[in-house]
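Each chain, written out:
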Amino acid sequence: MKPFPLSPQHPGLATTRELHDAGWSDRMIEHFAAHRGVRLFPRVYCEHRGTLTDQQLLVAAHLWAGPGTALTGAMALRAHGVPLPGPPDFIRFLTRAAGRRRSFRGVTLARTRTAWVAEPIEGVPTVGVARALADLGLYAEYPRSSLQALTISALQRGLTAPDAVERELISSNHQRILAIGDAVRAFRAGAWSVPEKRLADLVASSETLPAMLANPRLATLDGRFVGRPDAYFDDAGVAVQVHSRQFHEGFAADGRDLWAATVEKDNRLREFGVVVVGVTPTTLVEGPGAFVAQLEHIVRMNAGRPPLPLVVTPCAVDPVWHSPHQTVESVR
């Protein structure tokens with residue numbers, strides 16, 4: 001048996017063409033797949049039958065997709081560092097090559113006419129975050145609420161910018177991407193999460209609540225940081241904090257108690273006279289009417305009181321885009 005071809009781009013993996021170039025016949029390849037190695041995808045082989053990492057399987061999937069393709073959708077977002085709410089149904093690659101769409105073992109190849117920019121991430125050409133979000137909506141990989149959460153998460157992390165996402169949405173021009181457009185608009189208004197977007201929508205629906213500031217910076221008159229509440233009514237000195245168990249329970253990487261830190265942040269606001277109203281994401285969905293009525297009452301009772309000794313700075317919602325990977329143009 002001839003030695004398995006070695007490739008620094010995909011060690012331990014080889015395509016049929018690479019095996020042929022190394023002098024393997026079709027019969028040798030079939031014997032190899034039956035006794036020593038394994039055929040992972042049509043025309044893609046692994047030199048052993050041991051366990052492969054998720055990244056190795058992703059590289060193998062790209063070899064199956066072929067040259068001139070790029071990873072997109074949920075798996076592209078994960079490659080860029082956006083946490084996913086759950087595993088997607090498909091690993092999706094884009095191509096501009098003629099031919100019918102094809103799928104194999106949870107990997108699908110989708111033909112597109114629009115150009116993309118790809119970054120090589122751990123051996124796999126991967127579209128940018130903005131394009132991945134647009135394709136996420138176009139191919140309906142997650143429900144609407146998850147699309148919004150992923151969009152806001154990517155924007156808040158500075159992995160893309162609102163303008164970049166909106167340009168991709170214009171190119172896609174499909175009803176399925178409306179949820180992503182809504183999330184971009186909410187982020188521009190200051191929302192940093194889906195519950196915060198829900199809060200902003202509820203405040204806007206009230207006939208008596210004044211306009212709120214989303215995630216403003218509160219500081220003392222001499223510039224010392226006080227806090228950044230999820231929502232703030234400046235004239236009344238009332239802040240709303242959305243307390244989610246997902247983010248406020250347990251311990252941070254540095255050992256800090258997240259719930260204790262949340263309580264301390266709220267107390268810091270109260271120290272300077274801010275009235276803090278806490279609410280959970282569940283209440284915003286299941287009991288919005290009672291919450292809005294309570295918030296209206298609290299804001300009304302505090303309206304017109306003397307101004308607090310605080311400097312309020314609205315949130316800057318267009319973070320500078322950054323990427324940890326080198327960008328290269330893809331020829332499609």
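These numbers were taken from a predicted model, which means no experiment stands behind them.

Thoughts on the sheet that holds strand β11 (residues 217–220)
(1) Moving on: Taken in spatial order, the three strands make up an open sheet running β12-β11-β16, and their pairing is antiparallel. One side of each edge strand has no neighbouring strand; the edge strands of this open sheet are β12 (225–227) and β16 (310–313). Shown here is a sheet whose adjacent strand axes are inclined to one another by a mean of 35°, direction ignored.
(2) Moving on: Direction of pairing for β11 relative to β12: antiparallel, over a ladder of two bridges.

Some remarks on the layout of surface pockets
(1) Moving on: Its boundaries defined by the atoms lining it, the second largest pocket holds a volume of some 370 Å³.
(2) Moving on: Along its surface, the second largest pocket is lined by 16 residues, and Thr15, His62, Leu63, Gly66 and Pro67 are the ones closest to its centre.
(3) Moving on: Breaking the lining of the second largest pocket down by element, the ones donating at least two residues are α1 (16–21) and α3 (54–65).
(4) Moving on: Here the lining of the second largest pocket takes four residues from α3, the largest share from any one element.
(5) Moving on: Partitioned by chemical class, the residues of the lining of the second largest pocket number six nonpolar, seven polar and three charged.

Observations concerning helix α9 (residues 194–205)
(1) Moving on: For α9, with twelve residues, the first-to-last C-alpha span of 17 Å sits near the 16 Å given by 1.5 Å per residue.
(2) Moving on: Among the residues making up α9, those that are buried are Glu196, Lys197, Leu199, Leu202 and Val203.
(3) Moving on: Structurally, α9 contributes buried residues whose contacts are with α6 (144–156), α8 (178–188), β13 (231–233), β14 (238–242), α12 (281–286) and α13 (288–302).

Side note on the pattern of salt bridges
(1) Moving on: Evaluation of the coordinates by the stated rule reveals ten salt bridges.
(2) Moving on: Across the pair Arg92 and Glu141 runs a salt bridge, and its minimum N-O distance is 3.0 Å. Of the two residues, Arg92 is situated in strand β5 (residues 91–95) and Glu141 in the loop between α5 (129–138) and α6; the sequence distance between them amounts to 49 residues. In this pair, the class of Arg92 matches that of Glu141, namely buried.
(3) Moving on: Asp201 is paired through a salt bridge with Lys197; the nearest N and O atoms lie 3.1 Å apart. Of this pair, Asp201 and Lys197 both sit in helix α9, four residues apart, roughly one helical turn.
(4) Moving on: Taking relative accessible area as the criterion, Asp201 reaches 38% and is therefore assigned partly exposed.
(5) Moving on: By sharing partners, the salt bridges in this structure join Arg144, Asp182 and Arg185 into a single network.

Brief notes about the confidence of the model for the chain
(1) Moving on: Looking at the chain as a whole, its pLDDT mean stands at 85, while 88% of the residues score no less than 70.
(2) Moving on: Note that pLDDT drops below 50 for residues 246–253; the model gives that stretch 14 contacts with residues more than four away or on any other chain.
(3) Moving on: For residues 255–259, every residue scores under 50 in pLDDT, and the model assigns this stretch 13 contacts once sequence neighbours within four places are set aside.

A short note on the nonpolar core
(1) Moving on: Ranked by size, the top nonpolar core spans 51 residues in total, and within it Phe41, Phe93, Leu133, Leu136 and Val165 carry the most contacts.
(2) Moving on: At seven residues, α3 tops the list of elements feeding residues into this core.
(3) Moving on: Within the second largest apolar cluster, 20 residues are counted, among which are Phe233, Val242, Val279 and Leu284.

A closer look at the sheet that holds strand β3 (residues 44–46)
(1) Moving on: The antiparallel open sheet is built from three strands, whose spatial order is β1-β3-β2. Of all the strands in the sheet, the pair left with one neighbour each is β1 (13–15) and β2 (38–41). Neighbour to neighbour, the strand axes of the sheet diverge by 35° on average, direction disregarded.
(2) Moving on: Where β1 and β3 come together, three bridges link them in antiparallel fashion. For Thr15, the partnering residue across the bridge sits in β3 and is Val44.

The rules behind these values
Residue numbers run consecutively from 1 along every chain, following the written order of its sequence. Confidence filtering applies because this is a predicted model: local features only for residues at pLDDT of at least 70, side-chain atom pairs given and counted only at 80 or more, and all residues used for totals across whole chains, interfaces and linings. Side-chain calculation: all heavy atoms of the structure are included, whereas hydrogens and water are not. For two strands to be treated as a pair, DSSP must find at least two bridges joining them. In DSSP terms, a helix is any run of H or I states spanning at least four residues, a strand is any run of E spanning at least two, and both are numbered starting from the N terminus. To get an axis, fit a line to the C-alpha atoms, keeping to the stretch in contact for a helix; angles then go from 0 to 180 degrees between the N-to-C directions. In this analysis the probe radius is 1.4 Å and the grid spacing 1 Å, with only protein atoms considered; a cavity is a set of points the probe fits into but cannot get out of, a pocket is an open set with protein on both sides within 12 Å along at least five of seven lines, and lining residues have an atom within 4 Å of a point. Grid points are joined across faces, edges and corners, and a volume is the space filled by probe spheres set on the points. Ten residues, namely Ala, Val, Leu, Ile, Met, Phe, Trp, Tyr, Cys and Pro, are considered nonpolar, four, namely Asp, Glu, Lys and Arg, are considered charged, and the remaining ones, Gly among them, are considered polar. Given the number of residues in a helix, its expected span is that number minus one, multiplied by 1.5 Å. Think of it in three bands: with a 1.4 Å probe and only protein chains considered, a residue is buried below 20% of the maximum accessible area for its type, exposed above 50%, and partly exposed in between. Only heavy atoms matter for contacts: two residues are in contact if any of them lie within 4.5 Å across the pair. A side-chain nitrogen of Lys or Arg and a carboxyl oxygen of Asp or Glu constitute a salt bridge if their distance falls within 4 Å. Across the chain, each position has a pLDDT score giving the predictor's confidence in that residue, from 0 to 100. Residues belong to a common nonpolar core when they are buried Ala, Val, Leu, Ile, Met, Phe, Trp, Tyr or Cys residues joined through side-chain atoms within 4.5 Å.

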